[in-house]
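Given next are the chains, with one letter for each unit.
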Amino acid sequence: MRTVTVVGASLAGMRSAEHLRAQGFDGRLVVVGDEPHLPYDRPPLSKQFLAGTADTASLALGDRSDFDDLDAQWRLGVRATGLDASAGTVTLSDGTEIATDGVIVATGGRARTVPGAEGLDGVHTVRTIEDTLSLRADLAENPGPVAVVGAGWIGTEVASTCRALGLEVTVVEAAQEPLVRALGPRMAGMCTSLHAEHGVTLRCGAGVQEFTSTPHGSGRRVTGLVLADGTRVPAGVVVLGVGMSPNADWLAGSGLEVDDGLVCDAGLVASAPNVVAVGDVARYRSATGQLVRHEHWTNASEQPGTAVRNLLAGATVAEYRPSRYVWSDQYGCRLQVAGLTEDADEVEVVEGSEESRSFVAAYRRGGTTTGVFAMNNPKLFTRTRRKLLRPAPA
Amino acid sequence: MLLAACTVEDLPMGESVRIDADVPIAVFNADGRLYAIDDTCSHQDASLSEGWLEDCFVECPLHEALFDLRTGMPSCLPAKKPVRTHPVVVDGGHIYVQLVEQEAVA
Ligand SMILES: Cc1cc2nc3c(=O)[nH]c(=O)nc-3n(C[C@H](O)[C@H](O)[C@H](O)COP(=O)(O)OP(=O)(O)OC[C@H]3O[C@@H](n4cnc5c(N)ncnc54)[C@H](O)[C@@H]3O)c2cc1C
Ligand code: FES
């Protein structure tokens, strides 16, 4: 393999480039990214960077020498628009083509929106540096109430950060409780009280029906939400935290199987042996035979090791086993989850207590521990996770 | 400067303690050998005394960067910068840390 092209210059792309070199690839390495930036870290975008306590430089996933060491050709600010795996070409938005032997697809995802939000000033999503900068500026100019749509990880973090900035915040969630998908009903209840304690209003069980707006400049600016049950939520700024969609559309016409991400085998190899996928865009076959896709940092950091190994071997010689570790910082609490929390038939607090806001909870199914969730207890979280979960079931 | 950590009995093998100094320090008992390093991870805000100890390495409890307790060097991402290491002194059943004042070497 003489040339490898990494498409997507973020966490999974950066880790892939690092693994290529660490695993001995000394050929030509091209990294294509449609953002103008070198790889940066996204988790602070809803936390410290939104709060203004971290600057742009601190987001960088490496310093000058790290990028130099990779000896890569960076094609930043251009998008890959097509891939022909058998001919070995990646087409770019500036009309150029890269001849390549191997391709690592690391194009991640983009924030989803809500119908009716298109073109409205004052409605934001949070996925890029520019998104957070524009949200931050808007919050400073419009200190009226903030409405956050969606109480998943990013929505709850944005709500917490806005509240800490002194803003009045309402979170709107179609499900019955916040974070219920990630934590299950019992622990979601605890997160409900966390919002209340910090003076954030939660409206669960009713999704957004429409946005209200007023003429503004040459367009319109949002003034609030109307929920499915008729409730009106006034807002100067609206933030949508309703999930992401994988960026795999550019692969249409490549002949590769695309279905909610790039479909891969258990070793992250796509339907052509010289194409692998990593990070939020990779939908791979898990040990239980299902196709799964993860949307979190540790996964994007860990998959490249396996994917690069298989790409360089030209075959699936290693299978990926996820650690399924996710963390979140909100309302001054550190939350950590690992393993499987879905479908648990029992959730037990094994250390500390929910009231003290420092505890470790085990999720069990049929008597077997499948997942661990902790609040403000990193030491015991790690121990419990090591003892009960390694290697994690997929 | 000499900082008192704890008694020898309070730090059995495989355990760690945190000293709440101006710059917090983590002390580890790695299979009978004592090591002290800066407690705050060089990547972001996590306490290394709460990390996972394996041989003479500690894994950060937040993003799993691995630090060599002998040198303070990270041996895996996402940490890139070392943490400072400090000599440990045992005297009369008590563990002390000799605080190293200079900046971490890059
Ligand atoms: C606000 C926020 C907070 C988060 N907080 C946490 C957290 O606390 N804990 C946690 O575990 N996870 C968190 N995550 C998730 C984590 O950041 C993602 O899982 C991770 O960024 C995925 O990395 P990736 O490289 O796969 O994809 P991405 O980071 O999405 O990067 C993909 C890159 O590819 C580029 N690209 C897309 N299409 C093309 C194309 N056709 N050509 C060229 N380039 C292209 C994109 O512009 C982007 O730069 C958070 C995410 C966000 C947005
Ligand atoms: S805080 Fe230690 S690795 Fe990130």
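Calculation criteria
Residues numbered from 1 in each chain as written. Chains lettered and ligands numbered in written order. Predicted model: local features only at pLDDT ≥ 70, side-chain atom pairs only at ≥ 80, totals over all residues. Heavy atoms only, no water. Helix = DSSP H or I, 4+ residues; strand = E, 2+ residues; numbered from the N terminus. Buried < 20%, exposed > 50% of the residue type's maximum accessible area, 1.4 Å probe, protein only. Contact = heavy atoms within 4.5 Å. Areas by Shrake-Rupley, 256 points an atom, 1.4 Å probe, with all protein chains shown as cover. Lys, Arg positive; Asp, Glu negative; His and termini not counted. Charge placed at Lys NZ, Arg CZ, Asp CG, Glu CD. Domains from an automatic or database assignment. Buried area = accessible area lost by both parts, 1.4 Å probe. Salt bridge = Lys/Arg side-chain N within 4 Å of Asp/Glu carboxyl O. Polar contact = N/O pair within 3.5 Å; in protein donor to acceptor, adjacent residues only side chain to side chain. Nonpolar A, V, L, I, M, F, W, Y, C, P; charged D, E, K, R; others polar. Phe/Tyr/Trp six-rings, centres within 6.5 Å; stacked < 30°, edge-to-face > 60°. Lys NZ or Arg CZ within 6 Å of the ring centre and 35° of its normal. UniProt positions renumbered as here; feature names shortened; annotations may be inferred.

Visitor: I would appreciate a short explanation of the overall build of chain B in the present structure.
Guide: The number of helices and strands found in chain B is 0 helices and 10 strands. Counted from the first residue to the last, chain B has its helices and strands arranged as β-β-β-β-β-β-β-β-β-β. When its C-alpha atoms are laid out on the principal axes, chain B stretches across 40 × 25 × 20 Å. For chain B, buried positions account for 48% of its 106 residues. Counted over contacts in chain B with a minimum sequence separation of 6, partners at least 24 positions apart contribute 34%. Carbon and sulfur atoms provide 51% of the accessible area of chain B, an area that totals close to 5300 Å². In chain B, which carries 6 positive and 18 negative side-chain charges, the distance between the mean positions of the two groups comes to 9 Å.

Visitor: Quick question: what am I supposed to make of the domain arrangement of chain A here?
Guide: Residue and element names in this part refer to chain A. Once the domains are mapped, chain A shows domain 1 (3-110 + 244-313), domain 2 (113-240) and domain 3 (332-388). Between the C-alpha centres of domain 2 and domain 3 there is a distance of 28 Å. Both sides together, the interface formed by domain 2 and domain 3 hides about 1100 Å², and carbon and sulfur atoms give 60% of it. Contact with domain 3 buries surface across domain 2, with Arg186, Met187 and Met190 losing the most and accounting together for 48% of the total. Along the contact surface separating domain 2 from domain 3 lie 2 salt bridges. One salt bridge connects Glu197 with Arg357, and the closest N-O pair in it is separated by 2.4 Å. Applying the counting criterion to the domain 2 and domain 3 interface returns 6 residue pairs in polar contact (both at pLDDT 80 or more).

Visitor: Looking at this model, I keep getting lost on the interface of chain B and chain A. Mind explaining?
Guide: Often, the extent of an interface is quoted as the loss of accessible area on bringing the components together. Listed per partner, the contact involves 19 residues of chain B and 22 residues of chain A. Between chain B and chain A the total buried area reaches about 1600 Å² when both faces are included, carbon and sulfur atoms providing 45% of it. Counting across the chain B and chain A interface gives 6 salt bridges. For Lys80 of chain B, the salt bridge goes to Glu18 of chain A, with nearest N and O atoms at 3.5 Å. On inspection of chain B and its partner chain A, the count reaches 9 residue pairs in polar contact (both at pLDDT 80 or more). Class assignment of the residues belonging to the side of chain B that touches chain A gives a composition of 6 nonpolar, 6 polar and 7 charged.

Visitor: Can you walk me through the packing of aromatic side chains in this structure?
Guide: For any pair of aromatic rings, the description rests on two quantities: the centre-to-centre distance and the angle between the ring planes. Residues and elements named next belong to chain A. Counted under the stated rule, the structure contains 6 aromatic pairs over all chains. Ring geometry for Phe67 against Trp74: centres 5.6 Å apart, planes inclined by 85°, an arrangement best described as edge-to-face. Its relative accessible area of 23% is what places Trp74 among the partly exposed residues. Look at Tyr325 and Phe381: their rings are 5.7 Å apart centre to centre, the planes differ by 40°, and that puts the pair in the tilted class. Placement of Tyr325 in strand 23 (residues 325-330) and of Phe381 in helix 8 (residues 378-389) is noted, with a sequence separation of 56 residues between them. Note on accessibility: Tyr325 and Phe381 belong to one class, buried. These aromatic residues form a ring-pair network of at least three members: Trp297, Tyr325, Trp327 and Phe381. In this structure, Arg136 packs its charged tip against the face of Phe49, placed 5.0 Å from the ring centre. The aromatic ring of Tyr325 is capped on one face by Arg385, whose charged end is 4.7 Å from the ring centroid.

Visitor: Would you mind going over the pattern of salt bridges with me for this structure?
Guide: Pairing between side chains of opposite charge can happen when their charged atoms approach one another. Residues and elements named next belong to chain A. All told, the structure shown has 28 salt bridges over all chains when counted by the stated rule. A salt bridge links Arg75 to Asp94, with the nearest nitrogen and oxygen atoms 3.0 Å apart. With a gap of 19 residues between them, Arg75 in strand 3 (residues 73-76) and Asp94 in the loop between strand 5 (89-92) and strand 6 (97-99) connect regions that are remote in the sequence. Relative accessible area serves as the criterion here: at 27%, Arg75 is assigned to the partly exposed category. Linking Arg334 and Asp329 is a salt bridge whose minimum nitrogen-to-oxygen distance equals 3.0 Å. Through salt bridges with shared partners, a single ionic network connects Asp259, Asp260, Arg283, Arg293 and Glu295.

Visitor: Would you take a moment to explain the UniProt feature "domain: Rieske" (unreviewed entry) in chain B for this structure?
Guide: In the UniProt entry, the feature "domain: Rieske" (unreviewed entry) is given for residues 3-97 of chain B. In residues 3-97 of chain B, helix accounts for 0% and strand for 42%; the two terminal C-alpha atoms are 5 Å from one another.

Visitor: Which parts of the structure should I look at to understand the UniProt feature "domain: Reductase C-terminal" (unreviewed entry) in chain A?
Guide: Residues annotated in UniProt with the feature "domain: Reductase C-terminal" (unreviewed entry) correspond here to residues 325-387 of chain A. Secondary structure over residues 325-387 of chain A splits into 16% helix and 59% strand, and the C-alpha atoms at its two ends are 15 Å apart.

Visitor: Before we go on, may I ask you to explain the environment of Gly236 of chain A in this structure?
Guide: Residues and elements named next belong to chain A. Looking at where Gly236 falls in the secondary structure, it is placed in the loop between strand 16 (232-234) and strand 17 (237-240). Note on Gly236: relative accessible area 17%, which makes it buried. Here the alpha-carbon distance between Gly236 and Arg181, two residues 55 residues apart in the chain, equals 28 Å. Dropping the residues within four chain positions of it, Gly236 is found in contact with Asn142, Pro145, Arg221 and Val222.

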